[in-house]
Amino acid sequence: MRELEVARQAAQAGGAILAGYFRQGVEMRTKQECDFVSDADVESERAIIDVIRSHFRGHVILGEEGQAGAAETLDTNAESLWVIDPLDGTTNFAHNIPHFAVSIGFYQRGQPVCGVIYNPARGDWFHAVRGAGAFTNDTPATVADHASPGDSLVGVGFYYDRGAMMDATLTSIRDLFQQKIHGIRRCGTASLDLCQVGCGQLGAFFEYELSPWDFAAGRLFVEEAGGKITNCCGDELPLAKSSVLASNGKLHDAVLEIVSKNIPDQDMG
Ligand code: IPD
Ligand code: CA
Ligand code: CA
């Protein structure tokens with residue numbers, strides 16, 4: 001599939017920039033409290049956009065750093081849309097932890113068609129194609145098989161908020177521990193968290209606020225690996241800011257019961 005090949009090429013180009021800055025070090029700036037950005041994010045996005053544009057001039061591109069157009073003015077139901085996080089896991093990157101990724105999702109009329117997630121520090125590739133499966137370094141990926149929270153490891157993400165959303169997340173973690181889960185993991189890169197659900201390492205993952213570029217590619221990876229992904233109310237994910245719950249499918253209702261009752265704000269979804 002041509003779009004998948006272009007996504008890989010674009011991820012390779014962005015990833016090479018990230019790997020270079022990771023080795024040599026880069027100055028981090030704050031977007032808002034505890035939310036970082038650097039030349040690495042911006043240059044990676046530029047390189048990704050250049051590759052996509054060189055193949056598909058007319059496609060719409062939604063990138064976190066906004067170099068292809070402001071998110072608010074873009075048509076997320078466009079015939080052909082690319083959704084890019086040029087550096088997912090910026091906080092890990094800033095602290096020299098080699099757990100970060102480039103994430104690129106390709107959508108047609110609001111539906112995911114293919115996605116690539118690439119961790120250049122570890123050389124790990126993840127990709128998924130609608131109807132054709134999910135793959136880790138070209139090996140098929142499948143979600144875990146267990147149905148009980150008592151057999152699960154659960155991933156979680158904290159949005160940058162240190163108020164109600166953080167409290168709600170901590171309450172859900174406590175409630176999950178009371179269901180005797182094996183443990184909680186906060187690895188710090190949402191796209192890779194979703195890949196870990198798809199690979200069967202995490203039984204489930206939730207976060208109360210993510211942006212479309214955080215989950216655009218990973219959501220297809222989870223679904224194609226046999227899992228389920230919704231918002232934390234159990235509804236279909238929009239291509240917009242949303243809460244996210246991903247699971248192997250069998251665990252979905254049990255985890256949903258906990259994360260939905262603790263949602264901090266009814267409007268959040
Ligand atoms: C962040 C990471 C993190 C998640 C945050 C995201 P960024 O993305 O995916 O795991 O908890 O909510 O914003 O800022 O590193 O691209
Ligand atoms: Ca991100
Ligand atoms: Ca980012």
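This text follows the structure it describes.
Going along each chain's sequence as written, the residues are numbered from 1 onward. Both sets of labels track the order of writing: A upward for chains, 1 upward for ligands. Totals for whole chains, interfaces and linings use every residue, but because this is a predicted model, local features are given only for residues with pLDDT of at least 70 and side-chain atom pairs only at 80 or more, for both listing and counting. Processing note: side-chain calculations cover all non-hydrogen atoms of the structure and skip hydrogens and water entirely.

Some words on the overall build of the chain
Part 1 of the reasoning: Note on conventions: DSSP H or I runs of at least 4 residues are helices, E runs of at least 2 residues are strands, and numbering of each starts at the N terminus. Helix and strand counts for the chain come out as 8 helices and 14 strands.
Part 2 of the reasoning: Here the radius of gyration uses the C-alpha set of atoms, whereas the globule reference equals 2.2 Å times the residue count to the power 0.38. Against the 2.2 N^0.38 benchmark of 18 Å for 269 residues, the chain shows a C-alpha radius of gyration of 17 Å, consistent with a compact globule.
Part 3 of the reasoning: In terms of its C-alpha atoms, the chain occupies a principal-axis envelope of roughly 50 × 40 × 35 Å.
Part 4 of the reasoning: When each of the 269 residues of the chain is scored for burial, the buried share is 55%.
Part 5 of the reasoning: Only heavy atoms enter the contact rule, under which two residues are in contact if any of them lie within 4.5 Å. Within the chain, counting contacts between residues at least 6 apart in sequence, those at least 24 apart form 63% of the total.
Part 6 of the reasoning: Where accessible areas are quoted, they stem from the Shrake-Rupley method and a 1.4 Å probe; at the residue level, only the protein chains shown are allowed to cover. On the chain, roughly 11,100 Å² of surface is accessible, and the fraction owed to carbon and sulfur atoms is 47%. Here's how the labels work: a residue is buried when its accessible area is under 20% of the maximum for its type, exposed when over 50%, partly exposed in between, all with a 1.4 Å probe on protein chains only.

Some details on the coordination of the calcium ion (ligand 3)
Part 1 of the reasoning: Each metal's donors comprise the N, O and S atoms found within 2.8 Å of it (within 3.2 Å for Na, K or Ca). Water is not part of the atom list, so some coordination spheres may appear incomplete. Around the calcium ion (ligand 3), the protein contributes the donor atoms Glu-64 (OE), Asp-85 (OD) and Leu-87 (O), which lie 2.2 to 2.5 Å from the metal centre.
Part 2 of the reasoning: Here the donor residues of the calcium ion (ligand 3) are spaced in sequence according to E-x20-D-x1-L.
Part 3 of the reasoning: Between the calcium ion (ligand 3) and the calcium ion (ligand 2), a spacing of 3.7 Å is present, and a bridge between the two is formed by Asp-85. Of this pair, Glu-64 sits in the loop between β3 (60-63) and β4 (81-88) while Leu-87 sits in strand β4, placing them 23 residues apart in sequence.

A closer look at the coordination of the calcium ion (ligand 2)
Part 1 of the reasoning: For the calcium ion (ligand 2), the full set of protein donor atoms is Asp-85 (OD), Asp-88 (OD) and Asp-214 (OD), and the range of their distances to it is 2.1 to 2.4 Å.
Part 2 of the reasoning: Here the donor residues of the calcium ion (ligand 2) share one chain and are spaced in sequence as D-x2-D-x125-D.

Comments concerning the nonpolar core
Part 1 of the reasoning: Membership of the largest hydrophobic core comes to 29 residues, with the highest contact counts inside it found for Ala-11, Leu-18, Ile-48, Ile-52, Trp-82, Phe-93 and Ile-104.
Part 2 of the reasoning: Contributions of two or more residues to this core are made by α1 (2-24), α2 (39-55), β4, β5 (101-108), β6 (111-119) and β7 (124-129).
Part 3 of the reasoning: No other element matches the 8 residues that α1 contributes to this core.
Part 4 of the reasoning: Filtering out sequence-adjacent residues up to four positions away, Ile-104 remains in contact with Ala-7, Ala-10, Ala-11, Ile-48, Trp-82, Val-83, Cys-114, Gly-115, Val-116 and Ala-217.
Part 5 of the reasoning: Nonpolar cores are built from buried Ala, Val, Leu, Ile, Met, Phe, Trp, Tyr and Cys residues. Side-chain atoms within 4.5 Å join them into one set. In terms of nonpolar packing, the next biggest core, distinct from the first, is built from 19 residues, Ala-168, Tyr-208, Cys-232 and Leu-251 among them.

Focus: the state of the cysteines
Part 1 of the reasoning: Note on terminology: disulfide denotes any pair of cysteine sulfur atoms within 2.5 Å. Applying the stated rule across the entire model yields 0 disulfides.
Part 2 of the reasoning: We note that Cys-187 lacks a disulfide partner, and the nearest cysteine sulfur, in Cys-195, lies 12 Å from it.
Part 3 of the reasoning: According to the relative accessible area criterion, Cys-187 is partly exposed, its value standing at 25%.
Part 4 of the reasoning: Cys-232 supplies the cysteine sulfur nearest to Cys-233, a cysteine that is in no disulfide, at a spacing of 7.3 Å.

Things to note about the pattern of salt bridges
Part 1 of the reasoning: A carboxyl oxygen of Asp or Glu within 4 Å of a side-chain nitrogen of Lys or Arg is what we treat as a salt bridge. All chains considered together, the criterion is met by 11 salt bridges.
Part 2 of the reasoning: The closest approach of N and O atoms between Arg-8 and Glu-5, which form a salt bridge, is 3.5 Å. A residue pair is termed a helical-turn pair when its members lie 3 or 4 positions apart in one helix, as Arg-8 and Glu-5 do in helix α1 at 3 residues.
Part 3 of the reasoning: Take Glu-5: its relative accessible area is 43%, and that puts it in the partly exposed class.
Part 4 of the reasoning: Salt-bridge contacts for Arg-174 lead to Asp-175; the nearest nitrogen and oxygen are separated by 2.9 Å.
Part 5 of the reasoning: Through salt bridges with shared partners, one network takes in Arg-130, Arg-219, Glu-223 and Glu-224.

Describing the environment of Leu-220
Part 1 of the reasoning: Tracing the backbone through its elements, the reader meets Leu-220 in helix α7 (residues 218-224).
Part 2 of the reasoning: C-alpha separation for the pair Leu-220 and Cys-199, spaced 21 residues apart in sequence, amounts to 13 Å.
Part 3 of the reasoning: Not counting chain neighbours up to four residues away, the residues in contact with Leu-220 comprise Pro-112, Val-113, Cys-114, Gly-115, Ala-128, Val-129 and Arg-130.

Some details on the site of ligand 1
Part 1 of the reasoning: If a single non-hydrogen atom of a residue is within 4 Å of a molecule or strand, that residue counts as near it. The environment of ligand 1 is made up of 18 residues, and the closest members are Asp-88, Gly-89, Thr-90, Tyr-160 and Glu-207.
Part 2 of the reasoning: We call two N or O atoms a polar contact when they sit within 3.5 Å, provided that within protein one can donate a hydrogen and the other can accept it, with sequence-adjacent residues counted only if both atoms are side-chain atoms. The contact in question runs from an oxygen atom of ligand 1 to an N or O atom on the side chain of Asp-85, over 3.3 Å.
Part 3 of the reasoning: Note that an oxygen atom of ligand 1 is positioned 3.0 Å from one of the side-chain N or O atoms of Arg-186.
Part 4 of the reasoning: Relative to its unbound accessible area of 380 Å², ligand 1 is 95% covered by the protein chains.

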